[in-house]
Structures are given as C-alpha cells and as structure tokens.
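Chain by chain, the residues run as shown.
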Amino acid sequence: MLKTLTTDFELDLEADVLVIGGGPAGTWAAWSAASSGARVILVDKGYCGTTGCAAASGNGVWYVPPDPEARETAKASRESLGGFLSDRNWMDRVLDRTYANVNQLAEWGYPFPTDDEGKPYRRSLQGPEYMRLMRRQIQRAGVKILDNSPALELLVDDDDAVAGATGVNRQTGSKWIVRSQSTIIATGGCAFLSKALGCNVLTGDGYLMAAEAGAEMSGMEFSNAYGISPAFSSVTKTLFYNWATFTYEDGTVIPGASSHRRSVIAQTLLQQPVYAIIDKAAESMRPSMRLAQPNFFLPFDRAGIDPFTQRFPVTLRLEGTVHGTGGIRIVDESCASSVRGLYAAGDAATRELICGGFTGGGSHNAAWAISSGYWSGKSAAEYSRSLGEYKTKRHVKGVGEVGLQSGSDRSQTLATDEIIQAVQAEVFPYEKNYFRTEQGLTESLGKLNYLWQELRSSQVTSDKELIRAREATAMVATARWMYSSAIERKETRGMHKHQDYPELDANLQHHLISGGLDRVWVKNQPLSTEKPLSKIGAAV
Amino acid sequence: MIELVSESRCIKCNICVNICPTNVFDRIADAPPTIARQSDCQTCYMCELYCPVDALYVAPESDVTASVNEAELAQVGLLGSYREKIGWGHKRTSTAKADQTFQILKQMK
Ligand SMILES: Cc1cc2nc3c(=O)[nH]c(=O)nc-3n(C[C@H](O)[C@H](O)[C@H](O)COP(=O)(O)OP(=O)(O)OC[C@H]3O[C@@H](n4cnc5c(N)ncnc54)[C@H](O)[C@@H]3O)c2cc1C
Ligand code: SF4
Ligand code: SF4
C-alpha cells in the first residue's frame, strides 16, 4: 500500500488555468490566460518577482524589428551553431511575438533606455526591474499568486488528462491543491543546485511532474552549459568575458581560451587554476559596462578586485538545461505537451525549435520565455473553455510517486543530501558532462540508475523533507534523460560534445525524444522541415 | 552568502523572509528575521534589493562563509550599495533607463 503524505489540504482552490512557476515564462502565460478571460492561479516555489534565473540576472532579448533583412540575419546567424535543428517557422513566430510583447513592456512602463540616436533600445532587460513589473501586471490582470508554494505533483482525471496540482507552502507547511482545467509547466530548467546566479530554485521539478503525467522530453542531450564566474562567486554572467584575457597562474596567456571557447577553459581547469582579466575593454567602455550590468561588478566590488586591471581566478559553473536547450517536448504551435491539458513554456519546454542544440550567449531564451509563455497561456485558456460543463465533474488523483510517498514496501529513510551530492558528482565534472565519452556516460548512467532505485525504495518520514526529496528525485530523473540522450547522439552537434565522435554526422539530423521513469527510453524524431545536406556539410 | 541582518537598521518588516527565492530566513516575533538556512543561500542579492532600510549584506563568496563587520561595511558604503547602483529606494530612479548595453554590443565583433 502506498500512502501519499500530502492528504489534507488547507487550501483547496479551483481555476481555469494553473501556472506552475513565476519567472518570465510563467508570468507571461498567466497574463495572457487572464487577458483571455480565464481564472488563473500561479504558484511559485519562491516569490514571483524575485525568483528564477531572469530575476536575479537580467536578459539580452532576441528583439528584432520586422525588417526583412534584419530578420534574415537574425535567423541565419545561429543556425550552424545550433547544429541545424531549429525551425524557421518557429523562429518567425517567436521574432514576431517577442517584438510585440517587448513593446507591450514599454507600454506598461518598463524604463527602456534610448540609444545614441535617441531611439528606444529594447534588447536588454534588467532582471529585478523586469520581474517586479511582471508581477504587478499579472496582479492587475486578476491572477491569484501563491508565493513560496512549490508544486509537488500533478493531478490527472479518469481520462489521464492533467487536472491541476498539489503542493505545499514551505513557510507554513500547509498543503494546497488547485483543481484546474488546464495546467502550464513554467518551472524553468535544471542547474542541479550549482549556485549559478539565481538557479538554485531550478531543479527540474517541472520535467519530473510532466513525465509522471506521461509527457516526453526533447533535446535533453543539449544540457551541458557552463557559465563563467569568478571562482569564489555565483555570478555566471559571461558577456563581458568577450573582453577578457585568460591566463595560467604564472600569467602566460592560455592559447585559444575565450568566452566563446569555454572548452579550452574547461580543459585547463581540469589540471590547474585559470585566471581572467577584462583588460581588452577600452577605458571609455568601462562606465558603460557598469551601467549595463550592475550585478556583474558586485562580487568584484565586494571582494576589492578591479576586474579591468587585476586578474582573478575563474571557474565554470554548471547551468545544465538553463542555458541548454532541452525540455518538455512541444507538439504544436499552442505549446501543448503530448499530454492532454498540459502545456509547457520557457526553459521547461524544449528550445530546439528556435535554437537547435545551442543557446549560450542568451537572447533566444528570453524571447522563447516571452513567446511560449504567451502562447501557452492563450491556448490553455481556450482549452479550458472548450471543456465546458465537463470540467466540474472530474474525479482527480495525484500521479507523483518517487520521493513523495511512504509505505511499508519502502524500506529505508531517504538520504536526500547524499543523493544530491551523488547526482552532482555525475553532472558537475567537466570530464563527464562537458567532454562526454561512451564509457563515461555509461558509467554515470549506471550510478544514476542505482540512485533512482534508492529513491524508489526509500520513504520520506516528514512533510518537511518533501520539497528537497522531490528536488532530488527531479535531478536524478533529469540527469538520466540527459545522459541517455547523450549516449544516443553519437556525434558532436550544438553544445553536445562527444569525444568518441568529434564530428557532426549528417545522418543524425533529428531530434531525440526521451522519457520514462523506472525505464528511461530515447527515440528519434525527424525534423518538421528538412534542410539541405549541403548546408550541414558547411557547418563542420 | 548572506552574512548580516543588521539589528540596528532592521524594521522587522519581514520582506526578506517573503522574497528570498530559497527560503533562507525565518521570521521571529518582535525581532529581526534570523538567517536560518545559510547554506541554502544562492548569493543572488535579491534580499538586499528588497530590504527598504539596507539592513542586509550578502558577501560575494558563494560557497564558504565570510566574517563581516557591520560598522566597516557601512563605512565603506557597501550596505545597500547594490540597491543604490540599480536606483531602487526612496527618491531614486531606476538605472534601467541608463542601460548602456547598446554601446557594448557595438564593440562586439
Ligand atoms: C546568469 C544568467 C544570465 C542569463 N542571461 C540571459 C540573456 O542575456 N539572454 C537570454 O535570453 N537568457 C539569459 N538567461 C536565461 C534566461 O534567464 C532564462 O532562459 C529565462 O529566465 C527562462 O524563464 P523561465 O520563466 O522559463 O524560467 P525561470 O526564470 O528560471 O523561472 C522558473 C520559475 O519556476 C519556479 N519553480 C521551479 N520549480 C517549481 C515548483 N516545483 N513549483 C513552483 N514553482 C517552481 C522558480 O521559482 C522560478 O520562479 C540567463 C540565465 C542566467 C542564469
Ligand atoms: S527586509 Fe530588511 S528591514 Fe525588513 S525584515 Fe528583512 S532585514 Fe529587516
Ligand atoms: S542572497 Fe538570495 S538566496 Fe541569499 S538570502 Fe538573499 S535573497 Fe536569499
């Protein structure tokens, strides 16, 4: 007999649309659903407005005016980097939607700067300002927000359609249930508690919950993103390292190392420390840099380092699928998942559609969060309307299992911290995740599968541990989809670097779909539009 | 990581307790909040931005604790310095308006 710990709900609510996650994707979803007349509830693990990676960091945005030439350049520029897995129709849609919605931000009062010519400049959003504004807007639109209320599992009805979620308020301990006609997963990516800026709320919870309801992932092999940060700090902002010189301890320049060639930095870090200095930024540029990204300079100012004139040690922190491109598979233009009633947006959803297998350097991510958020909100609202009367008569049950349930068949108490350290030991090291090999991936998968069994046969003994237990479960699940997909992609494409297959293989130009919990599976899915092979050859 | 809740400055509004993304603080009746789960701090500096009276200090070290001295921090102007830089707080205007990213991207090759 299995018994879910979460049984009596102190907060029992109903909504047309439930949004899980309150970053850019979730807030845009909530706003567009509410604007189409739906009753919307948004739940967040943290506080909507400060949590998630955009709030803490800030975003360059793929904001391109509808000028055919500029649009063409924007589309062409990243296709080869992404390994030709992106889709031009989706790029067009995202460029249009992002343009419209960022202009909407200006109307709402986001204080965009003006450029040299006095024209508004809308390609950069400062995180705290942006997300404070988004919170205000969704409140105005009538969205009910539950802060500090992580979702723990999805609910499904007798026809296996998703019908809401349950969770807990992490400050009061009280449990909540939201019964909804449709649900949007906007829980961001998974950075495995690496402390990359703003990323520790991102533990893959949404992937896990979606998979338990039967959804599939896509592109999970594109999950080995690492951000450069000062070795002592969490600030993984990489733009300014464009003007950095990277050196060994003795001050000699590391050949080939640059912010674009992070693999050289990773390779060096395996043997010895790496130092950086932002000395290529002209004196005249430095005040502009401070105004563009005040948070980049925080750790330096506090540590008493002038990054323009003094070297400092750097490291690479795992950003996993936050700056990767994998996530829940999207089946159509409404941003629906493969499960009825369930939608996905932002980093929680696959971004291969617009950037293929590579997104370091940003911009596309913010644009994707805005657009997919907007569409998922609209379509989730429409879907709830289409359910009509049926909606109130549903019988629902929770579908979460691992890390959530207790019972006599579960022999051991869950050692959450140990599980987390063990999964980190498989995904953090550059030699395992950045530079992948058949042997390394196989060994890691063996350990990860063992961890899954541990989780499966353990129980949580108190409600207090539930949140961490679910995070640990989500991280192990995410790592297994990542490495199972990585082992299937026997080539080097996008950000996926396979040491045994260092070339791009034109025969492997397809998506990798993955899923499953106890048994993880991976299969090929052809691209929706074929690309000429000659172009692929040119990428290598 | 978060290192300081200033007893003398804190007005016990509990905003930091509410807004910390990783739930580091605990509210205490009639007293400043405590740093209850320091190792969960992700060094995102958001609490500093939202504290209305600059009572918090987040040290730049994200993996180890650091010892700080409130009087020194105040003296060198580090208490509330991030808030000042982004132009948040009473009678300030957001510096987002002065974002110079366009200047920087012009220099990129
Ligand atoms: C340092 C850094 C710099 C970046 N710079 C850029 C850039 O310049 N340009 C760019 O395009 N992109 C950039 N990105 C990426 C960009 O920030 C993200 O792609 C974007 O924020 C994704 O939005 P999101 O809403 O999907 O996820 P997030 O903003 O991460 O939000 C996810 C939300 O889900 C919540 N959540 C998680 N689990 C649960 C749960 N179980 N229950 C309830 N809520 C939950 C979290 O608290 C969070 O609020 C950067 C990222 C980082 C880390
Ligand atoms: S936000 Fe500042 S003033 Fe308010 S409780 Fe926290 S430390 Fe005190
Ligand atoms: S720095 Fe961020 S994580 Fe740390 S206490 Fe402040 S708000 Fe919380």
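Residues numbered from 1 in each chain as written. Chains lettered and ligands numbered in written order. Predicted model: local features only at pLDDT ≥ 70, side-chain atom pairs only at ≥ 80, totals over all residues. Heavy atoms only, no water.

We now examine the overall build of chain B. Helix and strand counts for chain B come out as 5 helices and 4 strands. Going from the N terminus to the C terminus, chain B shows its helices and strands as β-α-β-β-α-β-α-α-α. Dimensions of chain B along its principal axes, counting C-alpha atoms only, are 50 × 35 × 30 Å. Within the span of chain B, comprising 109 residues, buried residues form 51% of the whole. Taking the contacts inside chain B whose residues are at least 6 apart along the sequence as the reference set, 52% of them involve residues at least 24 apart. Accessible surface computed for chain B: about 5,200 Å², of which carbon and sulfur atoms make up 49%. Separation of charge centres in chain B, based on 11 positive and 13 negative side chains, amounts to 12 Å. (Helix = DSSP H or I, 4+ residues; strand = E, 2+ residues; numbered from the N terminus. Buried < 20%, exposed > 50% of the residue type's maximum accessible area, 1.4 Å probe, protein only. Contact = heavy atoms within 4.5 Å. Areas by Shrake-Rupley, 256 points an atom, 1.4 Å probe, with all protein chains shown as cover. Lys, Arg positive; Asp, Glu negative; His and termini not counted. Charge placed at Lys NZ, Arg CZ, Asp CG, Glu CD.)

This paragraph deals with the environment of Met475 of chain A. Residues and elements named next belong to chain A. Looking at the secondary structure, you find Met475 in helix H15 (residues 466–488). Once the C-alpha coordinates of Met475 and Asn433 are considered, the two residues, 42 residues apart in sequence, prove to be 14 Å apart. When neighbours within four sequence positions are excluded, Met475 is seen to be in contact with Cys190, Phe192, Leu193, Thr203, Ile420 and Val423.

Moving on to the sheet that holds strand E14 (residues 312–320) of chain A. All names here are of chain A. The antiparallel open sheet is built from 4 strands, whose spatial order is E11-E14-E13-E12. Single-partner strands in this sheet number two, and they are strand E11 (225–230) and strand E12 (245–247). Averaged over all pairs of adjacent strands, the angle between strand axes in this sheet comes to 45°, irrespective of strand direction. Across 3 bridges, the pairing between strand E13 (residues 274–277) and E14 is antiparallel. (Pairing = 2+ DSSP bridges. Axes fitted to C-alpha atoms, helices over the stretch in contact; angles between N-to-C directions.)

So, about the UniProt feature "active site" (unreviewed entry) in chain A. Residue and element names in this part refer to chain A. Those residues carrying the UniProt feature "active site" (unreviewed entry) are Arg262 in this numbering. Looking at the secondary structure, you find Arg262 in helix H7 (residues 262–269). Taking the relative accessible area as the measure of exposure, Arg262 reaches 17% and is therefore buried. Those residues within four positions of Arg262 in sequence are excluded, and the remaining contacts are Tyr226, Gly227, Ile228, Thr238, Leu316 and Tyr434. Within the structure, the side chain of Arg262 is placed 2.8 Å from the backbone oxygen of Tyr226, a separation counted as a polar contact. (UniProt positions renumbered as here; feature names shortened; annotations may be inferred. Polar contact = N/O pair within 3.5 Å; in protein donor to acceptor, adjacent residues only side chain to side chain.)

All names here are of chain A. The local shell around ligand 1 holds 39 residues, among which Asp44, Gly60, Asp347, Ser363 and Ala366 are the closest. Pro24 is positioned with one of its backbone polar atoms (N or O) 3.2 Å from an oxygen atom of ligand 1. The backbone of Lys45 places a nitrogen or oxygen atom 3.0 Å from a nitrogen atom of ligand 1. When the free accessible area of ligand 1 is taken as 1,000 Å², the share hidden by the protein chains comes to 97%. For the shell around ligand 1, the secondary structure elements donating two or more residues are helix H1 (24–35), helix H2 (53–57), strand E4 (59–60) and helix H11 (364–387). (Near = heavy atom within 4 Å.)

This next bit is on the site of ligand 2. Residues and elements named next belong to chain B. The immediate surroundings of ligand 2 are formed by 13 residues, with Cys10, Cys13, Asn14, Cys16 and Cys51 found nearest. With respect to the pocket detection grid, ligand 2 is positioned in the largest cavity. Across the shell around ligand 2, the residue classes tally to 11 nonpolar, 1 polar and 1 charged. (1 Å grid on protein atoms, 1.4 Å probe; cavity = no way out; pocket = protein on both sides within 12 Å on 5 of 7 lines; lining within 4 Å. Sits in = over half its atoms within 2 Å of the grid points. Nonpolar A, V, L, I, M, F, W, Y, C, P; charged D, E, K, R; others polar.)

All names here are of chain B. Examined against the element boundaries, Ser8 turns out to sit in the loop between strand E1 (2–5) and helix H1 (15–19). Separated by 47 residues in sequence, Ser8 and Ala55 have C-alpha atoms that sit 8.1 Å apart. At a separation of 3.2 Å, a polar atom in the side chain of Ser8 contacts the side chain of Ser6. A distance of 3.3 Å separates a polar atom in the side chain of Ser8 from a polar atom in the side chain of Glu70.

Once that is clear, we can look at unusual backbone geometry. A positive phi angle, near 55°, is found at Phe84 of chain A, a position not held by glycine. Of note, Phe84 of chain A is situated in the loop between helix H3 (68–77) and helix H4 (88–108). The phi dihedral of Lys12 of chain B is positive, around 60°, even though this residue is not glycine. With respect to the helices and strands, the residue Lys12 of chain B is situated in the loop between E1 and H1. With relative accessibility at 41%, the residue Lys12 of chain B sits in the partly exposed group.

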